[in-house]
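So the chains spell out like this:
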Amino acid sequence: MLDTASHPITARWPAQFPDRIQLYSFPTPNGVKASIMLEETGLPYEAHRVTLSDSDVKSPEFLSLNPNNKIPAIIDPNGPDGEPIGLFESGAILIYLAEKSGKFLGQTKADKYRVIQWVMFQMGGIGPMFGQLGYFHKFAGSEIEDPRPRERYVNEAKRLLNVLNQQLEGQDWIAGDYSIADIAIAPWLRGLEFYNAHDLVGWEDHANLVAYLDRFLERPAVQKGLVTPPRD
C-alpha cells in the first residue's frame, strides 16, 4: 500500500500538508489541467514545482511516482476506500478528480462517456499533434529543411481545430456543460500562441474557438490554475 508519509518523492518535495492532495507539476498545457481541475473542484491540495529538466523529472524521487517521467502526477492520501493512491497521466487525473468530487463529468452516465470521449480526443489527437507542430515550427525541428514534417502537423492541427469549431456551434462548451473535456482541451488551444502558430493554422478563422477560449480564460479557477505551481 502507498504510504504518503514515507513515499520516496517526499524526500525531494516534502509535504507541508500531508493530509491534502499532493500535486507535482509545472504550468505546461498538460500540467495546468490538474491545477485548474483542483481549483475548480475546491479539493484541498498542495502544489510542488517539478520542472521539465532531467534533474527533476528523471530524478529517482519523481520516477518513484511516475516511471514515465512526465508531469503532472498526484498523490491523494484519501483515495478510493480511504486508501492513498498515486496517479500520473493528466487525463487519468482529470477523470479521477471528477469522480472524487462529483463535478464536471456530466449529469448522467451517457454524459460521462460523452465527456470522456472528448478528453480522449485531446489526449490522442490535440496534445500529440499540437506538440509536434510546436517542435517543427518553433523549436529544434524548425531547422529541418524537409518541409513535409511541418506540413503534416500544420494540416493535422487545422483539421482538429475544424472539428472543435464545428462541435462548438450553438453551444458554449465542448460536451454541453462545462466539464473536464474543456479543462483538457482549452490549455492546448492557448498553447498555439506560445508556439507562434496562430497565423500558421488560421486561428482567427475559427470564430467559435476564439470565443470559447476567451470564456475559458475568464474563469477565476482557470486563472489561478494557469500559474500553479509558479514557473519561478
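Up top you'll find the structure we're talking about.
Remember, it's a predicted structure, so these values are computed and weren't measured experimentally.

So, how was this worked out
- Residues numbered from 1 in each chain as written.
- Predicted model: local features only at pLDDT ≥ 70, side-chain atom pairs only at ≥ 80, totals over all residues.
- Heavy atoms only, no water.
- Helix = DSSP H or I, 4+ residues; strand = E, 2+ residues; numbered from the N terminus.
- Rg over C-alpha atoms; globule rule 2.2 N^0.38 Å.
- Buried < 20%, exposed > 50% of the residue type's maximum accessible area, 1.4 Å probe, protein only.
- 1 Å grid on protein atoms, 1.4 Å probe; cavity = no way out; pocket = protein on both sides within 12 Å on 5 of 7 lines; lining within 4 Å.
- Points joined across faces, edges and corners; volume = space filled by probe spheres on them.
- Nonpolar A, V, L, I, M, F, W, Y, C, P; charged D, E, K, R; others polar.
- Polar contact = N/O pair within 3.5 Å; in protein donor to acceptor, adjacent residues only side chain to side chain.
- Contact = heavy atoms within 4.5 Å.
- Pairing = 2+ DSSP bridges.
- Axes fitted to C-alpha atoms, helices over the stretch in contact; angles between N-to-C directions.
- Salt bridge = Lys/Arg side-chain N within 4 Å of Asp/Glu carboxyl O.

### A short note on the overall build of the chain
A count of helices and strands for the chain gives 10 helices and 4 strands. In the chain, the succession of helices and strands from N to C terminus is β-α-β-α-α-β-β-α-α-α-α-α-α-α. Expected size for 232 residues packed as a compact globule is a radius of gyration near 17 Å; at 18 Å, the chain falls within 12% of this value. Considered along the principal axes of its C-alpha atoms, the chain spans approximately 50 × 45 × 25 Å. Expressed as a percentage of the 232 residues in the chain, the buried residues total 48%.

### Examining the layout of surface pockets
Take a probe with the size of a water molecule and roll it over the atoms, and the empty space left behind shows itself. Size it by volume and the largest pocket reaches roughly 940 Å³. Looking at the lining of the largest pocket element by element, the count peaks at 5 residues for helix H7 (residues 180–194). Here the lining of the largest pocket is composed, by residue class, of 16 nonpolar, 9 polar and 7 charged.

### Comments concerning the side chain of Thr28
In this structure, Thr28 sits in the loop between strand S1 (21–25) and helix H1 (31–41). Residue class for Thr28 comes out buried when judged on its relative accessible area of 16%. One polar contact links the side chain of Thr28 to the main-chain amide nitrogen of Gly31, over a distance of 3.0 Å. In this structure, Thr28 is in contact with Leu52 and Ile71, ignoring residues within four places of it in sequence.

### Regarding the sheet that holds strand S4 (residues 85–88)
Strands pair in a sheet through their backbones, by hydrogen bonds, and they do so in one of two ways: parallel or antiparallel. If you trace the 4 strands from one edge of the open sheet to the other, you get S2-S1-S3-S4, paired in mixed fashion. Two strands bound the open sheet, and with one partner strand each, they are strand S2 (45–49) and S4. Pairs of neighbouring strands in the sheet enclose a mean axial angle of 15°, with direction left out of account. Summarising the sheet, S1 and S2 pair through 5 bridges and their orientation is parallel. In the strand pairing of S2, Leu23 is matched with Ala47. Contacts between H1 and the sheet are confined to S1 and S2, with S1 contributing the most and set at about 150° to the helix.

### Regarding the environment of Asp232
Examined against the element boundaries, Asp232 turns out to sit in the segment after helix H10 (220–225). In this structure Asp232 comes out as exposed when scored by relative accessible area, which is 83%. Through-space distance from the C-alpha of Asp232 to that of Asn69 is 20 Å; in sequence the pair is 163 residues apart.

### Describing the pattern of salt bridges
For the coordinates displayed, the defined rule picks out 11 salt bridges. Residue Asp76 pairs with Lys100 through a salt bridge whose shortest N-O separation is 2.9 Å. Linking Asp76 in strand S3 (residues 73–76) with Lys100 in helix H4 (residues 90–101), this pair joins segments that are 24 residues apart in sequence. Put simply, Asp111 and Arg114 hold a salt bridge, and the shortest N to O gap is 3.0 Å. With a gap of 3 residues between them, Asp111 and Arg114 both fall in helix H5 (residues 109–137), about one helical turn apart. You can call Asp111 partly exposed: its relative accessible area is 22%. Looking at Arg114, the relative accessible area reads 43%, which means it is partly exposed. Connected through shared salt-bridge partners, Arg12, Asp56 and Glu61 make up one network.

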